[in-house]
Every structure is written in structure tokens, then in C-alpha cells.
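# Fold and geometry: a report
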Amino acid sequence: MTRPNILLISADQQRADCLGFMGRRVKTPHLDQLAAEGTHFTACITPSVVCQPARASILTGQLCRTHGVHDNGIDLDPDVGEKGWAGAMAAAGYQTSLFGKAHFSTYHTYEPTGTPECLRSSAQYGADWNGPYMGFEHLEMMLVGHNWWAPEKPPAGQHYERFYHMDGRGDEKTALMWDNAGDTKDAAQVWHSRLPVAWHNTPWTADRAIEWIKHGRDESRPFCTWVSFPDPHHPFDCPEPWSWLHKPEDVDLPKNRTRSYEGKPWWHKAAMEGEPADPKFADIRKAYSRIQPQTDAQLREIIANTYGQIAFIDHQVGRLMIALQEAGLAENTIVTYISDHGDWLGDHGLILKGPMHYEGLLRVPMIVRGPGVRAGVAVHQPVSTLDLGATFYDYGAADPLQTQHGTSLRPLLESADATRDFALNEWGLLPGRVGVALELRTVRTRTHKMTIDLISGAGELYDLVADPFEQTNLFDAPEAAAMRKRLEAYIATRPDDQRPDATPVGTA
């Protein structure tokens, strides 16, 4: 068999359980089919629970304290990024490409940084620029992709922004994008966007990837492609008619949706109520990055809109699968669907993300279909999106160009006998985010999860079998002392190759 093509499809901020086949009331027929035809990982975690560290880890195969992007607002060093799986697969003969959201570098910066993702520097890159960048030979990107902000006007922006403004009517589109077409009960950051879907970045991302698969690639080489959608990230601004697909009264609410800090580590309350230390961006962090408690009616609006965003992405996944079929590539392409991290989405009365590593935020979807991959199988071993690079090298007969913390998923994909003990996650928060510095380390096994702040020594430990809603913190419980010691030993296996704190160049 010739070496398989690799197609990685990612969402942004999608929970692991927000899939139809997982029992949630969200319509995902194409992802349901993909899972039926492949292997689904029920205990896949993100290496870090915020965008830039997680994406840098996916690309490099390294935990965030090693590749250096330990918080949002820190740029990935190109010398490290170019040695990630895109660069390694290109060195092995693959044609590498990326479509959609990259976010390896900071968008909102204090000063121009010169990267193609920096809003203040993007005008330096002309309409004929398509890479290379971070090991990808061909790129078609959008900047930010979350419609709290209007798409940049050329000559700033990148490929999507030029598409959006090409007819000179970008301001009209943005007015429609921000116009709420229906009552959303004053729910935070929720509206039915009136932007016509033909101009939305979700179908644009799929369109560009499909065009490249059909007409743009070098057919003499296998490809390794990342198709990266920027939703279902907040704001919850799903466009009509997709925003009406799920009725708020029909969605499923979390079992525990009461915000309480009782029995939780000190940083839970500090993260939600403290003042961000960065005065330039304190207002946006509080307005955009925090959502106050919502009523059940408001939470239903948020969940229904999120489900619409996911269904809109699911539709594009179906289109991508059809494109593979039409190009004669379906039988020899490994397709993987993931998200960079999850969203609390009402669990514990919380929405969005932050330093509370509950399952809704920590766990992410991972579905893999392809030659040799078992079909209709659920794998319950703890894994991570950190493992993707090692998996691509395994299937693509490629050699890594730098240290890897991930391990190939191929044994788990092809055999029922393979096992894993644990997966790791980390985040080095600087005080600009929530007002306090945190050095978090998390370990997830099949049955337990523990997070420790290395600075204060505080932590939380949950028995996920007996306590699936993570109500009872066993970190200091005598009956859990042996388990805590075991989980601490797992965390201690982390290689001693960490970089010092980096200096942020902006917010994210």
C-alpha cells in the first residue's frame, strides 16, 4: 500500500460529548458516520485548555512548557514550529497544507510582530502569499475567525479577509453579521447572525480545502493537510438558518449547573472574580473571556446556538468526505477529527474556559478513520491530541525533527490489546489573564483526574467513575492518598526539558 494521505479536521472549543452519537441532542450525521466507520476515543484530552498552547502542542508534539507557548499571547518560535509534524512530513515527501485558523502566533499584539497572523503586520503579506509557515508549504488562512471582531480590511488580513471584502461590501456584511435576527433572552454573547452563510468563514474553510484537494495539490505526492474551523467558539453567533436548527427548549442542560467554589482549590474563585493584571486588556478579558451566571433559559440559548455552529461544521465535514470520494482518495486517507479544547458550556455554572479543568473543557473529540483503522470501535484509554504527530510519522514513514512527548495511536487504532495508563496536560498562566500566576499540571487516567498548582501546592482530584460530575474534591482526603501518590508519579514522568517563562506579545 502506498503511504496514506493525512487529513486532520479540527473545531475550536468543541466538547467531547457534543456529538450526536455521544447522546447529546446535537445533529452531527456526518461525524456520526465517521465514527461508525472508524475509531472514536472517549478519553482524549487536550494538552492545554486554551487555544495557542493547545495548537502549538498539536503541531509540535510537545507539552507547552517545552515548546514555549505556555499561555495565550505568546508566539510559537518558528524554529520549533517548523520542526513540528508539518515540517517533518514535508521532509518525508508529503505535501503539507493548512486551511482556516492557524493561531500559532498572536493576533492582538501590543506592537507589530512581523508574523502573518499578527493583525498589525498582516498587510506585509501580499495577495500572492501562501506560505511557507510553520512547516506548511501552502496556507489559506483567516485571522481570528471569531465574530466579536470584524474581519480586517485589506491590505490587512489574510485570505479569508480578502474574500470577505472583495466586492467592497464588507461593512454591509459586518452589519448583518452583528445583527440579531431573533430573541435570545439576553443570553451572554448569543445572537442569530444575519450574515449570509456564503460569506461565513465555516464554509469558506471547507471550500478552500476542497478546491485544493481537487485541483491544487501535487498528485505525485501524498498530502498532509489541516482543515481548521474557528467555531463553535464564542461569541455564539451561528448564522441563520443553522442557528434555528436546534430549539432551545429541546437541548439538554448540564446535570450540575450551579456555580460553587466550596471544596475547590483557591484559584477557581480567583480566576472568575480577580482583576486581570494587564491594564491594556483587562476590560476585554472581563467582557469577552468571562460570562456571568446565566438563567436556564439563557443557557438553553447558548447551547442551542453552539449546537447550530457544530452542525454547520458537521455539514462541511460531509462535503470534505464527498470531495475525497470524488477525487478517488477516500480509501487511502486517514481522516482525523478533533478540537483544540472544550468548553464548560454550563457545567458547574461555568461557560467558556479557564483554569478549572473539568471534563467538558479538558476532554475533546477524537475520531479516526482510514486504512487499517478498526471500524465502529470506541477506545476508552486516555490519549491526547499531543499524540497526533507521532501517529502521522508512524503511518507516513516519517522521522520527527525534535523531541516528542506524544506516542503513536496506531496500536490503539489497529488492536484491541493496546493500552495506555495516562495523559498529561499543563498550563503556565501569567498574571495578566486572571490576576494570579498559576503553574498547572493535570493527569487523566481512565478512572481519575488530578490537577496541581505547582506554585501553591493546592490541587483537586476526582474519581470519575464514582463522581462523574466532579463534585467531591479528594485531593486532601485520606482515603485517596494512595491514588494521589500514583497520579503525582504520573505527572513526575514529564521530561525535564522545560523552557522558562516567555514574554507575551499581546492577548491571544
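From a predicted model like this one, the values you see are computed outputs, not experimental measurements. (Residues numbered from 1 in each chain as written. Predicted model: local features only at pLDDT ≥ 70, side-chain atom pairs only at ≥ 80, totals over all residues. Heavy atoms only, no water.)

## A word on the sheet that holds strand S11 (residues 423-429)
- Within the open sheet, the 4 strands sit side by side as S11-S12-S13-S14. Their pairing is antiparallel. Looking at strand neighbours, the two that pair on one side only are S11 and strand S14 (459-463), the edges of this open sheet. Recorded for the sheet is a direction-independent mean angle of 10° between the axes of neighbouring strands.
- In terms of strand pairing, strand S13 (residues 448-453) meets S14 through 5 bridges, oriented antiparallel. Its bridge partner being in S14, threonine 451 is matched across the sheet by glutamate 460. (Pairing = 2+ DSSP bridges. Helix = DSSP H or I, 4+ residues; strand = E, 2+ residues; numbered from the N terminus. Axes fitted to C-alpha atoms, helices over the stretch in contact; angles between N-to-C directions.)

## Topic: the pattern of salt bridges
- Taken as a whole and judged by the stated rule, the model has 35 salt bridges.
- Note that glutamate 359 and arginine 444 form a salt bridge whose closest N and O atoms lie 2.6 Å from each other. Note that glutamate 359 is positioned in helix H12 (residues 359-362) and arginine 444 in strand S12 (residues 438-444), a separation of 85 residues in sequence.
- With a shortest N-O distance of 2.9 Å, glutamate 359 and lysine 449 are connected by a salt bridge. Here lysine 449 lies in strand S13 and glutamate 359 lies in helix H12, a separation of 90 residues in the sequence. (Salt bridge = Lys/Arg side-chain N within 4 Å of Asp/Glu carboxyl O.)

## Concerning helix H7 (residues 170-177)
- When we look at burial in H7, the residues that qualify are Gly170, Lys173, Thr174 and Met177. For H7, the buried positions fall inside an angular range of 100° around the axis, keeping them on one side.
- Turning to H7, the residues buried within the fold contact helix H6 (159-165). (Buried < 20%, exposed > 50% of the residue type's maximum accessible area, 1.4 Å probe, protein only. Arc of directions from axis to C-beta. Contact = heavy atoms within 4.5 Å.)

## Describing the nonpolar core
- Core analysis: the largest hydrophobic core is formed by 47 residues, its most contacted members being Phe41, Trp85, Phe104 and Phe136.
- Discounting residues that sit within four places of it in the chain, phenylalanine 104 has contacts with Gln52, Arg55, Leu59, Ile74, Asp75, Leu76, Leu98, Glu117, Tyr133, Met134, Phe136 and Trp226.
- Judged by nonpolar contacts, the second largest core, of 27 residues, contains Leu31, Phe99, Ala206 and Leu324. (Core = buried A, V, L, I, M, F, W, Y, C linked by side-chain atoms within 4.5 Å.)

## Considerations on helix H9 (residues 266-273)
- Those residues of H9 that fall on the buried side of the exposure criterion are Trp267, His268, Ala270, Ala271 and Met272.
- Looking at the buried side of H9, the elements it contacts are helix H15 (431-434), S12, S13 and S14.

## A look at the pairing of S14
- With 5 of its 5 residues buried, S14 lies for the most part within the structure.
- Burial along S14 is two-sided: the face carrying Gly459, Leu461 and Asp463 and the face carrying Glu460 and Tyr462 are both buried.
- Taken together, S13 and the strand that follows it, S14, pair antiparallel across an intervening segment of 5 residues, in which glycine 457 is found at a positive phi of about 85°.

## Here's the deal with the environment of glutamate 240
- In this structure, glutamate 240 sits in the loop between strand S6 (223-228) and H9.
- Note: C-alpha distance between glutamate 240 and histidine 192 (48 residues apart in sequence) is 6.1 Å.
- Apart from the residues lying within four places of it in its own chain, the contact partners of glutamate 240 are Ala181, His192, Ser193, Arg194 and Val197.
- Here the side chain of glutamate 240 touches tryptophan 244 through a polar contact of 3.0 Å, side chain to side chain. (Polar contact = N/O pair within 3.5 Å; in protein donor to acceptor, adjacent residues only side chain to side chain.)

## Regarding the packing of aromatic side chains
- Applying the stated criterion across every chain yields a total of 21 aromatic pairs.
- Geometrically, the ring pair formed by tryptophan 212 and phenylalanine 223 is edge-to-face, given 5.9 Å between the ring centres and 85° between the ring planes. With a gap of 11 residues between them, tryptophan 212 in helix H8 (residues 201-216) and phenylalanine 223 in strand S6 connect regions that are remote in the sequence.
- By relative accessible area, phenylalanine 223 is classed as buried at 0%. (Phe/Tyr/Trp six-rings, centres within 6.5 Å; stacked < 30°, edge-to-face > 60°.)

## A look at the environment of glutamine 498
- Here glutamine 498 lies in the segment after helix H16 (481-491).
- Looking at glutamine 498, the relative accessible area reads 37%, which means it is partly exposed.
- Spatially, the C-alpha atom of glutamine 498 lies 16 Å from that of aspartate 453, the residues being 45 residues apart in sequence.
- If sequence neighbours within four positions are ignored, glutamine 498 has contacts with Arg65, Thr66 and Arg441.
- A polar side-chain atom of glutamine 498 sits 3.0 Å from a polar atom in the side chain of arginine 441.

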